[in-house]
Amino acid sequence: MSERVDVLILGGGIIGLSCAVALADAGLRVEIIERGAFGREASWAGAGIVPPGDFDRAPTPLDKLRAYGATHFADFSKRLLAETGIDNEFTVCGGIEFLTPDEAAEYPALWRAEGLAVERLDDGCRGVVTPPGLSAWHLPGFAQVRNPRHLRALIGACERRGVRMTPGTAVRGWQFRDGVVTGVTLADGGLRTARQYLVAAGAWANDLLAPLGQSQRVHPVRGQIVLFHGRPGLVPHVLLCGKRYVVPRRDGRVLVGSTEEPEAGFTKGTTPAGTAALTAFARDLVPGLRDAEVEAAWSGLRPGSLDGVPTIARVPGHDNVIAAVGHFRAGIQLSLGTAALVRALASGADSPIDPAGFAFDRSPGSTARPTFRS
Ligand SMILES: Cc1cc2nc3c(=O)[nH]c(=O)nc-3n(C[C@H](O)[C@H](O)[C@H](O)COP(=O)(O)OP(=O)(O)OC[C@H]3O[C@@H](n4cnc5c(N)ncnc54)[C@H](O)[C@@H]3O)c2cc1C
């Protein structure tokens, strides 16, 4: 490539693609380099749950990032549909959270403090069996997006904006002159230079951040999903129970997730124990799924972080490198807020989101428990 772009994005998952759209909208020239195919790793594997949020009242930096996405996802989805013709099926379908007595003493108060609508369902929900010992809480603002379609729409939006898309090309490392990053080296022997670089390499981000002195930022946490061939209307809402959930798609398919397996390292794949546990969980919760066929199962590697909070900031000591990494279980819902913050960092514009909570040296106080677990 002859002309130097303003921002070279390393990694084309939901974070890299969403940032590319936002950066191009700010008038910057952008290229994304992706090792495989765009959007085929964690971002494709995820369930697409988007919890509700009130940006002004969200209590922690992470909650604000989530609330930014909750507030903007519907309009952004309409824009993507108008531009690309791809419907990402963003739907405010409502959710039911099943809580233990201890959780019920804590979470509903957090949700109400943020101004979110929530109602306890004393009679449960039709077609759904409240697990013994738990109470059911309906949050009508819960939404979902069909993430594989959202990713296709993002790719289309990037192409329309003239973002240079380079799939099938792994970034190997950095080129330095006098300690300053001057380019990236590619697996095919090539070299790319840019004014700024954005590391958005998901669970693999440490490979790129370690040579910049940041070796502990991200680790992989495998998650498995089971897909049922259900029928429309069988599951009324997103159902959430601790770290597990059931997500009904418009066409009747039902996703059930997920496991948390940091011990799997970078090995993707499903296990008989993982899929059996998810299948049993779903069929206990929704007896109507007992007759539904299991159509598929898959896994993805979440980019875990030490404190559960993503890092979205300039890399210390490397002013021309920004990182947007470590979104763990929430990269889909956090993608729009992340893109807004990256756009501000890269363009020098004001940020709608306070960057302090996502800095490399953020204080432990900014890592308070998030208002939602999924
Ligand atoms: C089972 C499961 C369920 C989930 N459910 C939800 C949910 O309901 N809601 C939600 O908000 N989040 C969910 N998540 C989390 C969400 O999917 C992730 O947080 C998000 O996808 C992270 O996006 P990313 O772009 O950082 O990573 P990825 O999608 O993994 O993208 C990173 C990209 O970087 C590329 N790359 C890596 N190294 C290099 C290199 N050296 N050179 C070039 N390219 C490179 C990779 O090939 C990859 O395509 C779920 C995740 C899983 C696994």
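See the structure printed just above.
Everything in this summary refers to the structure shown in the same document. (Residues numbered from 1 in each chain as written. Predicted model: local features only at pLDDT ≥ 70, side-chain atom pairs only at ≥ 80, totals over all residues. Heavy atoms only, no water.)

1. Some remarks on the sheet that holds strand E12 (residues 194-199)
And then number 1: Here 6 strands make up an open sheet; going across it, the order is E8-E2-E1-E12-E19-E18 and the pairing mixed. Each edge of the open sheet carries a strand with a single partner, namely strand E8 (164-166) and strand E18 (311-315). The average undirected angle you get between the axes of adjacent strands in this sheet is 20°.
And then number 2: Both strand E1 (residues 5-10) and E12 contribute to a ladder of 5 bridges, which runs parallel. By the bridge assignment for E12, Ile-9 is matched with Leu-198.
And then number 3: Contacts from helix H9 (residues 335-347) reach E1, E12, E18 and strand E19 (318-325), with the element oriented near 15° to E18. (Pairing = 2+ DSSP bridges. Helix = DSSP H or I, 4+ residues; strand = E, 2+ residues; numbered from the N terminus. Axes fitted to C-alpha atoms, helices over the stretch in contact; angles between N-to-C directions. Contact = heavy atoms within 4.5 Å.)

2. Regarding helix H6 (residues 147-160)
And then number 1: The first and last C-alpha atoms of H6 sit 20 Å apart over 14 residues, in line with the 20 Å expected at 1.5 Å per residue.
And then number 2: Taken together, the buried positions of H6 are Asn-147, His-150, Leu-151, Ala-153, Leu-154, Ile-155, Gly-156, Ala-157 and Cys-158.
And then number 3: Contacts made by the buried residues of H6 are with helix H1 (14-25), strand E2 (30-33), helix H2 (42-45), helix H3 (61-84) and E8.
And then number 4: Looking one or two places after H6, you find Gly-162, whose phi comes out positive at around 80°. (Expected span 1.5 Å × (residues − 1). Buried < 20%, exposed > 50% of the residue type's maximum accessible area, 1.4 Å probe, protein only.)

3. Section: the site of the ligand
And then number 1: In the vicinity of the ligand lie 37 residues, with Glu-34, Ser-43, Ile-49, Phe-328 and Gln-333 positioned nearest.
And then number 2: In this structure, Gly-48 approaches the ligand through a main-chain N or O atom, which is 3.1 Å from an oxygen atom.
And then number 3: Taking Gly-331, its main chain carries an N or O atom lying 2.9 Å from an oxygen atom of the ligand.
And then number 4: Contact with the protein chains removes 98% of the 1,000 Å² of surface that the ligand exposes when unbound. (Near = heavy atom within 4 Å. Polar contact = N/O pair within 3.5 Å; in protein donor to acceptor, adjacent residues only side chain to side chain. Areas by Shrake-Rupley, 256 points an atom, 1.4 Å probe, with all protein chains shown as cover.)

4. Topic: the pattern of salt bridges
And then number 1: Following the criterion strictly, the structure yields 22 salt bridges and no others.
And then number 2: A salt bridge links Asp-87 to Arg-250; the shortest N-O distance between them is 3.4 Å. Pair noted here: Asp-87 is in the loop between H3 and strand E4 (95-99) and Arg-250 is in the loop between strand E15 (244-248) and strand E16 (253-257), with a separation of 163 residues, a long-range link.
And then number 3: The network of salt bridges with common partners includes Glu-89, Arg-146, Arg-149, Asp-251, Arg-253 and Glu-295. (Salt bridge = Lys/Arg side-chain N within 4 Å of Asp/Glu carboxyl O.)

5. Observations concerning the sheet that holds strand E14 (residues 238-241)
And then number 1: Strand order in this open sheet of 8 strands is E5-E6-E4-E14-E15-E16-E13-E17, and the pairing throughout is mixed. Looking at the sheet topology across the chains shown, the edges are occupied by strand E5 (119-120) and strand E17 (293-304).
And then number 2: The sheet contact formed by E4 and strand E6 (residues 135-139) spans 5 bridges and is antiparallel. Residue pairing across strands places Leu-99 opposite Ser-135, the latter belonging to E6.
And then number 3: Each of E4, strand E13 (219-229), E14, E15, E16 and E17 touches helix H8 (residues 272-285); the most contacted strand, E13, lies at about 50° to it.

6. Comments concerning the nonpolar core
And then number 1: In this structure, Ile-9, Leu-17, Cys-19, Leu-23, Ile-32 and Leu-198 are the most contacted members of the largest nonpolar core, which totals 49 residues.
And then number 2: Only E1, H1, E2, H3, H6, E19 and H9 provide two or more residues apiece to this core.
And then number 3: At 9 residues, the largest contribution of residues to this core is made by H1.
And then number 4: Not counting residues up to four positions away in its chain, the partners in contact with Cys-19 are Ile-9, Leu-198, Thr-338, Ala-339 and Val-342. (Core = buried A, V, L, I, M, F, W, Y, C linked by side-chain atoms within 4.5 Å.)

7. Overview of the packing of H1 against H6
When two helices pack together, you describe them by how their axes are tilted relative to each other and by the distance separating the axes.
And then number 1: In contact at an axis separation of 9 Å, H1 and H6 are set at 35° when each is read in the N-to-C sense. Crossing geometry of H1 relative to H6 is assigned as left-handed. On H6, the residues that touch Ile-14, Leu-17, Ser-18, Ala-20 and Val-21 of H1 are His-150, Leu-151, Leu-154, Ile-155, Ala-157 and Cys-158.
And then number 2: Taken together, the residues that form the contact of H1 with H6 break down as 9 nonpolar, 2 polar and no charged. (Left-handed = near helix turned anticlockwise from the far one by under 90°. Nonpolar A, V, L, I, M, F, W, Y, C, P; charged D, E, K, R; others polar.)

8. Observations concerning unusual backbone geometry
And then number 1: In the segment running from Gly-257 into Ser-258, the intervening peptide bond is cis, with an omega of -20°.
And then number 2: Not every positive phi belongs to a glycine, and Glu-89 is a case in point at roughly 60°.
And then number 3: The phi angle at Asp-178 is positive, at roughly 55°, despite the residue not being glycine.
And then number 4: With respect to the helices and strands, the residue Asp-178 is situated in the loop between strand E9 (171-177) and strand E10 (180-186).

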